[in-house]
Every structure is written in structure tokens, then in C-alpha cells.
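Residue-level structure breakdown
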2 protein chains.
Amino acid sequence: MKDDSATPDADPVPLRRRRRATATREILDAAQEQIALHGPFGLSLRSIARGLGMTVQALYHYFPSRDELVTALITEAYHELADAVRSAVDSAPPHGDLPRFVIAAEAFRRWGLDNPSRFQLLYGTPLLRYEAPADGRTTAGARRIGTVFYRELFGAFTHEQLSRTEVPPLSPALRARLEQMPPEMFGGLPPQAAVLFVSVWGHLHGLVVLEVFGHTSFIGPLQAEIFRGAMHNLFSDTQRRIPAD
Amino acid sequence: MKDDSATPDADPVPLRRRRRATATREILDAAQEQIALHGPFGLSLRSIARGLGMTVQALYHYFPSRDELVTALITEAYHELADAVRSAVDSAPPHGDLPRFVIAAEAFRRWGLDNPSRFQLLYGTPLLRYEAPADGRTTAGARRIGTVFYRELFGAFTHEQLSRTEVPPLSPALRARLEQMPPEMFGGLPPQAAVLFVSVWGHLHGLVVLEVFGHTSFIGPLQAEIFRGAMHNLFSDTQRRIPAD
DNA sequence: AGATTTACCTAACAGTGTTAATCAAACAGT
DNA sequence: ACTGTTTGATTAACACTGTTAGGTAAATCT
């Protein structure tokens, strides 16, 4: 009898690591709650610390600065949003009455309306004196979101078809710029489709932004219907621009 | 000889009024400069006062609170943006190669890119602890902007034509809600056109927001071309949805 | 058991919006 | 011209923010 635990004695499971992990988690949760309550600019280290029963300076043992905490919050939010959109699409019937693009769009909108402050953290005014890290840590989740949408829009077509997408003629410069784009941006879409995708993304994004930021509140709860109709039109307009053969 | 001034002695032109007006103007200008430099959340009463060579508390004699100052800034910015869009449309040839809708859209985008911080003040995350006044002071300019756009989109059609705009069928509730909308909102547009306008506005707004907030910076300066193409398509798609007869 | 890392503390600095109390200059009415 | 009042601007203070420095006790590692 050498050990009473199920795991061999290879990893002693440092007890302090676990404490550190749970404390880190608690800080992140408290920060998210703060943002949900008072908006992304209402984030306050001192207030977080108060809520956890410790002093501000203690937080600096878990995050070296406010920026690092914010980076973690943004990264998490992007991935949560991406998960919401992706799982909505995955759990949808493959041939329902609603195009899966519309389902994805409505999941995006839903998350924004359910988490307005975190949506603002992602897509609103950049936080004061916050610099996003040079590596794409924060925006990796953002790209995951885009992937879902252009898969639904263009997944059924060949690269050759997409290259004949009906868009205004592209200047050689723009064509070249988009062709040498890293594949993680537009997934290797031909320039015509990439341009169309930017337009579609702007449309979808803009309607949600208007609603989440309260610029169309005078319409009331019926915005859901307007949004669905707009997304439906947007989807069919987009599909019509791609030649069937 | 009863008076040496050109104006009769009816209005003594209170000297202090003038000082007050110029001081107010100086404060507003300093505030706008601050916002332009450090973003809408970088506004600091103390910093404004320092720049003008006085103490913070003196500012309270011109604006009863920070919120009142912010309200003035937002109101001014909306009207400046509306002026920019309107004058661009007015100074455009009536039958040029570019639809006047596209010209208006590009003026809107141009102002946003030239004044990113003030654009964020209008359309970004609401300022912390700021409450917009109950009367529509701040949003009056915003409505002026909308007016320009739906005049260009729908001005050439009759009310009867617009009521047959091709959009997904509207629920009775939405139809009723839009019909009893105050006319300063959608200028008395029939519900079908109003719905289409919201969609168009979202599209236009979304593309500009993405660009101003830096979410498409990886595309570079060629976004101008993408934007023009998208607005061109948007305009023709919209016109196609309105029956010619 | 001794050395080291980790966690947390108090104290301090410069910054924020706002209120209170105070004082001088400009205006209004008699 | 002399009041009384409004306006402009001041100093002082309160509670708040992120961050750094220095010190202490506990947990971990060697």
C-alpha cells in the first residue's frame, strides 16, 4: 500500500494551484457580474475585491494588471458568444423552415440582448487606456463567430462558383489584398465572396448593435420580427448573388 | 445726438452675457478636443478646467453637472453629423453617376472616420452614469439624419407604391405599431417601407460601426471600395423591392 | 529544518465628479 | 451714488479610481 488515492503519485496535485484556480475563477465571475450590472466601463478592481472580502492589491497576485483581467474577460465573452451561435446552429434541424443562417443570426442577436454589457465590451467603445494584446488572443473567438456565418452562407458552393459571385467589379488592388489574406480570416474565400461577406456581416452586426445599444427601442419588442425578416431577405439576396451553376 | 452706437438703446447688450457665451463655447470646444484625443470616456472636467486656466468648480457655473455638458456635446455632434450628410446630398449633382443615397452614406461614413471619438460618443457604449434627458433633445439630430436617408430611398415613390413594398408579411401587431408611430420617426412611411428602412439603416450603420470601431482594420484602406459597393447594391436592392407601378 | 515562493496586508500617489463655504466683481433698482 | 442680488471664481473636503512599494505570515519545496 503505497498510496490511498486513485491517481498514482506522479502528480501531487499542488493544493495551492487549486486555490489559485478557484480564486481566479471567482475574480472573473465577480468582474463579469460587475460589468453586467454597471456596463463595461463600470468595472472596478476595488469593487471586485470588496465583493470577495479582500483588498485591491490582492488581485494583483492573480492578474498583473487591470488590462490582463480585461483581456481574459473579452476572450471569454467572445468564446461564449461563439459557443452560443455554434450550438444554436448545430442543434437546428438540417432542413427546417428557417435557414440555418437565420438561426445563427438570431442566436447572435439573442446573446447580445441577454448580455448587453458584455456585448458592449466586445463591440462597443474600446475601454479607456486598454490595449488589446498583440497576439490575436482576444479576437480568436471573434473569428470563430465569423466562421459559422460564412459556412452557412457559402458552404454549399464550390470555390469556382463563389468566384463568380455577383458583386460590383473589384479593383485589382482590392482583389490582390483579399487574395493574400491569411486563411483564418475568410477561410480562403475568393475575393468576391469575401466582399459580400463583409457586407452581410455589417448588416447583421448593425441591426444587433442598433438594438443592443438602444437606438431602436422606440419600436419595442417587435424588433424580433423585423430582424427575422431582414435576415431572411439578407440570406436569400445573398444566395441569389451566387450562380447556381 | 442721443446715442453713439448703431443700435437704439433698447438692448444694452449685457456685457456679462457675451463673456458667458464665449466661455461656454470655450468649454465645449475644450471638451470636444478632449474627447477627440482620449475618447468619449476620457472626458474630464478637471482636465478641461486646467486647459482653460481655471479650477473645476468654475465649470459648474456654466454647466450644472457633467451630464448637462455631455448632453450639449451629444446634441452638437448629432447636428454636425446631420449637417455633413445633408450638405453632401445637397451639393451633389441631381443626376450624377452615384445615387444620392450612396453619397449620403459615404458622407455618414466619412464623418465617422474623421471623428471616431465623437462617433463613439453617439453610437458607442453609453457614458457611465449618464442619463439622456427625457425630452428628445439629444436625438433630434439623429432623426434629422434618418430623414435624409429615407427621402433618398423613398422620395420618388407614392405612398401607395410604398405600401406594396416587397417584404416578408408583417404581423398585424407590427403593422399596427408602425402605423401609429409618430410621424417624426419615419415621416409617415407605410409599415412595409418602415421595416425596409430599419433594415437598410442597420446595414449602413453596421458597416460604418465595424470600421470606426476597428473591427475590420485588417482590410485596410480598401474598405472604402467595399463600402461603396455594398451601398450601391443596397440601394438597388431596395429600389427593386418597390413596385414601379 | 531552512529557504523560497505565494498570499495578503497597510500606506501612499495622482487622478476622477461633486458639494460647501467664501470672496470679489458685475449688474439692477432705488 | 448706494444699496441688494446675481454671477464668477476660489479653496477645502469627500468618496472614488488603478497602481506601486514595503512588510508579514503562511504554505510549499529542497
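A brief look at the structure comes next. Quick caveat: nothing in here was measured; it's all calculated off a predicted structure. Each chain has its residues counted from 1, running along the sequence as written. Lettering of chains starts at A and numbering of ligands starts at 1, both following the order in which they are written. Selection of residues for local features in this predicted model requires a pLDDT of at least 70, selection of side-chain atom pairs for listing and counting requires 80 or more, and totals for whole chains, interfaces and linings are taken over all residues. Side-chain metrics rest on all non-hydrogen atoms present in the structure, leaving aside hydrogens and water.

Another point: the nonpolar core. Membership of the largest hydrophobic core comes to 158 residues, with the highest contact counts inside it found for Phe108(A), Phe149(A), Phe108(B) and Phe149(B). Contacts between residues were defined by any pair of non-hydrogen atoms, one from each residue, lying within 4.5 Å. Look past the residues within four positions of Phe108(B) in its chain and what remains in contact with it is Leu81(B), Val85(B), Phe119(B), Tyr123(B), Ile145(B), Phe149(B), Trp201(B), Leu204(B), His205(B) and Val208(B). We define the nonpolar core as a collection of buried residues of types Ala, Val, Leu, Ile, Met, Phe, Trp, Tyr and Cys that are connected through side-chain atoms lying within 4.5 Å of one another. Think of it in three bands: residues with accessible area under 20% of the maximum for their type are buried, residues over 50% are exposed, and the middle band is partly exposed, with areas taken using a 1.4 Å probe on protein chains only.

Across the boundary between the two partners, chain B contributes 47 residues, which contact 47 residues of chain A. A buried area of about 4100 Å², summed over both sides, lies between chain B and chain A, and 67% of it is on carbon and sulfur atoms. When a carboxyl oxygen of Asp or Glu lies within 4 Å of a side-chain nitrogen of Lys or Arg, that pair is called a salt bridge. Inspection of the chain B/chain A interface yields 2 salt bridges. One salt bridge connects Arg241(B) with Asp237(A), and the closest N-O pair in it is separated by 3.2 Å. Two N or O atoms count as a polar contact when they lie within 3.5 Å, although within protein this holds only if one can serve as hydrogen donor and the other as acceptor, and sequence-adjacent residues are included solely when both atoms are side-chain atoms. The tally of links from chain B across to chain A stands at 14 residue pairs in polar contact (both at pLDDT 80 or more). Per the convention used, a helix needs a DSSP run of H or I reaching at least four residues, while a strand needs a run of E reaching at least two, with both numbered from the N terminus. In terms of residues, the side of chain B that touches chain A owes the most to one element, helix α11 (residues 191–212) of chain B, which gives 11 residues. Grouping the constituent residues of the side of chain B that touches chain A by class yields 27 nonpolar, 15 polar and 5 charged. Buried area is calculated as the accessible area (1.4 Å probe) missing from two parts once they are joined, with the contributions of both summed. Gly is placed with the polar residues, together with every amino acid not listed as nonpolar (Ala, Val, Leu, Ile, Met, Phe, Trp, Tyr, Cys and Pro) or charged (Asp, Glu, Lys and Arg).

Let us look at the protein's contact with DNA strand C. Near residues are defined by distance, with any heavy atom within 4 Å of the molecule or strand qualifying the residue. Around DNA strand C lies a shell of 20 residues, among which Arg20(A), Gln57(A), His61(A), Tyr62(A) and Arg46(B) are the nearest. Here the atoms of DNA strand C within 4 Å of the protein split so that 56% fall in sugar or phosphate, with bases taking the remainder. Between Arg46(B) and DNA strand C, the recorded distance is 2.4 Å, taken from a side-chain N or O atom to a base nitrogen. The contact in question runs from a phosphate oxygen of DNA strand C to an N or O atom on the side chain of Arg50(B), over 3.5 Å. Mapped by element, the contributors of at least two residues to the surface near DNA strand C are α1 (15–38) and α3 (56–59) of chain A together with α1 (15–38), α2 (45–52) and α3 (56–59) of chain B. Among the residues making up the surface near DNA strand C, the classes are represented as 8 nonpolar, 5 polar and 7 charged.

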